[in-house]
Structure formats: structure tokens, C-alpha cells
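These are the residues of each chain, in order.
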Amino acid sequence: MKTRIIKIDSKNISTAKINEAARIIKKGGVVAFPTETVYGLGANGLDKKAVRKIFLAKGRPQDNPLILHVSGIDQVNYLVNKTPEKAAKLMERFWPGPLTLVMKKSKAVPKAVTAGLDSVAIRMPKNKISLELIKESGCPLAAPSANISGKPSPTLAEHVIDDLNGRIDAVIDGGKVDIGIESTVLDMTQEIPQILRLGKITKKQIEKVIGRVNDKNISDNKPRSPGMKYRHYSPNAQVILVKSNKESKLISEKHSKKKIRILKYENEIKMAKNLFKDFRESDKEGYDIIIVFEPKGKEFGSAILDRLKKASK
Ligand code: TXA
Ligand code: MG
């Protein structure tokens, strides 16, 4: 299959080009598109045949469910049994934005989307291209990150092309994403909602709106978010985390015969924006080892650190 590249200027969105991409979705095809977090790989979320193509293109394990992307809060009711009151409050406060809510699904959502679970993950992205695409397609878009499973999520269209060229119908090139790491995932099916994946929207921000929320790890030993058990975000190079210049120097000396790249960022915002791109570039340039200076580990920093820990395993 030839993958079409549809370039869209995010500051001057071409209706004709959005229509071109939406036509592919309506016909049951698969289109990668930018969101504010990372690029997603979208298909009609109500069409199980189209959804299966996403799993195939990514090499994604069948038991890892997808997020449905909507363009308005009013579209949620059709997809869930009942919108919990706390979820409604969070949508009002954080949508469009990088917060995914897991709720009991309705019959309208195929099991292919939820990997057999009776809950469904939903979010409304804060990116005009994705919102226009969802509107024009006339359906929620099921979309995981648009990378080959296990690789770092794409933050540029060229990352999508590197991974999926020839395997998907099209990619919308809308330039660099804004945030650079995936959305916060929050399970609303429990009495006390639980964070399943850390992201830009922090626990503190969520608790301000709905009160107590459980942390990512404490509840039980069975992974509630199936995606959490898989290897993620991994460049080919070995990732080593350090806290100080001294530590970095020691490691560089120990591996003096290897090709080493050191990643140190000014702040968390820049780190999130560039980390996955820098991982991918390091692989292209053939580095053996990537030394990364850890973020401080509070708030947004803890979301980045979470990805780094998985990448360094
Ligand atoms: O920022 C994002 O969330 C990006 C953009 C494209 O929206 N998407 C993304 O999707 O990161 P993906 O498929 O790479 O990650 C979705 C995560 C996985 O860890 C998955 O297991 C979890 O959400 N998830 C999806 N549905 C779930 C459900 N019903 N219950 C628990 N976890 C769920
Ligand atoms: Mg992913």
C-alpha cells in the first residue's frame, strides 16, 4: 500500500485536505494525525474491521485497548453506559486536553476497540487538525500512538513515516506536536478514580476538581491498564539515567569505547517536547548508549521519569 502524505498548515487548515483524510476514514482506512500529545493512528472507532487494521499496522498486542477520540463532550454519552458525575466535571475542566477517561462502555463500542474489556478510554484532543478530522469523519476515532509497538511515540510526521510507511493509508503532516508525551489516563470506573498513566495533567490538578484520586501503582498487582505491562518508548541504544554530572562522567569513562550521547534539558517542558525525537535521532546516528539527566520527578517531571524508567529497562 502507498502511504499518502497530506501536509496541513496548523495555522491555516485546508478544508479540502481534511476532507481528503476524512474520506479515507469513512471508507474504513487508517490515517495518522497530529494531536497535542503525540501523533495518533486513527480509524473509525465504531467499525471493528477498520480498528483491526490499526493493530495490524502497529504490530500491537491484541489485548491492549485503544483510546476513542471525540470532538465534543456531547459525543461521550453514546459511547458509555452512564457518564459518572466526576468524569463530567473533569471533561468540563480539562477537555479539550491531554486527559483520557476510562468509563463503562456502551453497546455502540466494538470489543475490538477495548480488547474485550467492558470499559472504554475516551479523550478530546486539543489540536485543531485532529478536531476537524474527527468532525468531518463523523465518528469517534480509535487511535493509539502512531509508532510500531514498543518504539517511542511519534512527535513528528517523519517519525510516523519511518515506522509505518507502506502500512497505513495516509499521514497528516501537521508539524511538531505541542506536549511530546502521551495523555494522562484516569480510570473512572472505580469508587476512587485511579491514575493508570501519568501525563501532563497531574494528580494534583485532578484532585482540585474531584477530590481524592489513587496513585498509579498502589491498588493491586494486576495491571489495570493492559498497556502498562509491555515494553515501551525504547530506542535501540541503551538508556542510562543519571542525576549528576559526576555520575554521567563515571558512566562515560566506564564505556569509553562506546558511542555515547548525553541528553540534558533546560526544563521539563523542553524535555517532554524533545525526548522521543532525540531517542529516534540517536538510533539513526548509531549511538550505543544514551545518558539522560533525570527530571526532578515532581508533577509533570514524574510523568517524564515514568517513560524514562521504562525506556531504560
Ligand atoms: O496522548 C495519547 O493518549 C495518545 C494520543 C494519540 O491520543 N494516544 C496513546 O494511545 O497514547 P496508546 O494506545 O498508545 O495508549 C493508550 C493507553 C494504553 O496504556 C492502554 O492500555 C490504555 O490507554 N487503555 C485504553 N483503553 C483502556 C481501558 N478500557 N482500560 C484501561 N486502560 C486502557
Ligand atoms: Mg502507545
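Reading the values: the criteria
All residue numbers refer to positions counted from 1 along the written sequence of the respective chain. Going through the entries in the order they are written, you letter the chains from A and number the ligands from 1. Local features in this predicted model are restricted to residues of pLDDT 70 or higher, and side-chain atom pairs are both shown and tallied only at a pLDDT of 80 or more, whereas totals for entire chains, interfaces and linings draw on every residue. By convention in this description, side-chain values take in all heavy atoms of the structure and omit both hydrogens and water. Salt bridges are counted wherever a side-chain nitrogen of Lys or Arg sits within 4 Å of a carboxyl oxygen of Asp or Glu. Helix numbering and strand numbering both begin at the N terminus, where a helix is a DSSP run of H or I of at least 4 residues and a strand a DSSP run of E of at least 2. Each residue's exposure class comes from its accessible area (1.4 Å probe, protein chains only) as a fraction of the maximum for that residue type: buried when under 20%, exposed when over 50%, partly exposed otherwise. This arc is taken over the directions from the axis of the helix to the C-beta atoms. Contacts: residue pairs with any heavy atoms within 4.5 Å of one another. Residues are classed as near a molecule or strand on a simple rule: at least one heavy atom within 4 Å of it. Any N or O atom pair separated by 3.5 Å or less is treated as a polar contact, with the protein-specific requirement of one donor-capable and one acceptor-capable atom, and with residues adjacent in sequence counted only for side-chain atom pairs. Areas reported as accessible are Shrake-Rupley estimates using a 1.4 Å probe. Residue values count occlusion only from the protein chains shown. Put simply, Ala, Val, Leu, Ile, Met, Phe, Trp, Tyr, Cys and Pro go in the nonpolar bin, Asp, Glu, Lys and Arg in the charged bin, and everything else, Gly too, in the polar bin. At least two DSSP bridges between two strands are required for those strands to pair. Fitted lines through C-alpha atoms give the axes, limited to the stretch in contact for helices. The angle between two N-to-C directions lies from 0 to 180 degrees. Each pair of aromatic rings taken from Phe, Tyr and Trp, with Trp reduced to its six-membered ring, is defined by centres within 6.5 Å and is described as stacked if the planes are under 30 degrees apart, edge-to-face if over 60, and tilted in the remaining cases. Our definition puts a charge over a ring when NZ of Lys or CZ of Arg is within 6 Å of the ring centre and also within 35 degrees of the ring normal. We call a set of buried residues a nonpolar core when its members are Ala, Val, Leu, Ile, Met, Phe, Trp, Tyr or Cys and they connect through side-chain atoms within 4.5 Å of each other.

S.K.: Teacher, can you tell me more about the pattern of salt bridges here?
M.R.: Counted by the stated rule, this structure contains 19 salt bridges. Note that Arg 4 and Glu 20 form a salt bridge whose closest N and O atoms lie 2.8 Å from each other. In this pair, Arg 4 sits in strand β1 (residues 4–7) while Glu 20 sits in helix α1 (residues 15–26), placing the two residues 16 residues apart along the sequence. Owing to a relative accessible area of 40%, Arg 4 belongs among the partly exposed residues under this scheme. Between Glu 294 and Lys 243 there is a salt bridge, and its shortest N-O distance comes to 3.7 Å. Of this pair, Glu 294 sits in the loop between β13 (289–293) and α10 (300–311) while Lys 243 is found in the loop between β11 (238–242) and α8 (245–254), placing the two residues 51 residues apart along the sequence. For Lys 243, a relative accessible area of 65% translates into the label exposed.

S.K.: Is there a simple way to explain helix α6 (residues 157–164) in this structure?
M.R.: Buried within α6 are the following residues: Ala 157, His 159, Val 160, Asp 163 and Leu 164. Considered in projection along α6, the buried side chains sweep an arc of 155° and stay on one side of the axis. For α6, the elements touching its buried residues are β2 (31–34), β3 (39–44), α2 (48–58), β8 (170–173) and α9 (268–284). Two residues or fewer past α6, Gly 166 is found with a positive phi of approximately 85°.

S.K.: Quick question: what am I supposed to make of the site of ligand 1 here?
M.R.: Taken together, the neighbourhood of ligand 1 is formed by 26 residues, with Thr 37, Arg 60, Asn 64, His 69 and Ser 183 sitting nearest. Here an oxygen atom of ligand 1 and a side-chain polar atom of Ser 145 are 3.1 Å apart. If ligand 1 stood free it would expose 680 Å²; the protein chains cover 96% of that surface. Per element, the largest residue contribution to the shell around ligand 1 is four residues, and it comes from strand β6 (residues 119–123). For the shell around ligand 1, the class distribution of residues is 12 nonpolar, nine polar and five charged.

S.K.: For this particular structure, what's the right way to read the sheet that holds strand β7 (residues 141–142)?
M.R.: Strand order in the open sheet made by the 10 strands is β1-β8-β2-β3-β7-β4-β6-β5-β9-β10, with mixed pairing throughout. In the strand order of this sheet, the two ends are held by β1 and β10 (194–197), each with one partner. Where β2 meets β3, four bridges bridge the pair, whose relative direction is antiparallel. Bridge pairing in β3 places Phe 33 opposite Gly 40. Each of β3 and β7 touches α2; the most contacted strand, β3, lies at about 145° to it.

S.K.: Quick question: what am I supposed to make of the packing of aromatic side chains here?
M.R.: Per the stated rule, a full pass over the model turns up zero aromatic pairs. A cation over an aromatic ring shows up here: Lys 259 above the ring of Tyr 287, its NZ or CZ 4.7 Å from the ring centre.

S.K.: For this particular structure, what's the right way to read the nonpolar core?
M.R.: Across soluble globular proteins, nonpolar side chains show a tendency to be buried alongside one another. By size, the foremost hydrophobic cluster in this structure holds 45 residues, and its most contacted members are Leu 101 and Ile 122. Looking at which element gives the most residues to this core, the answer is α2, with five residues. What Ile 122 contacts, discounting residues up to four positions off in sequence, is Ile 67, Leu 68, Val 70, Val 76, Leu 79, Val 80, Trp 95, Leu 99, Thr 100, Leu 101 and Met 103. With 21 residues, the next largest nonpolar core counts Ala 237, Met 271, Phe 276 and Phe 279 among its residues.

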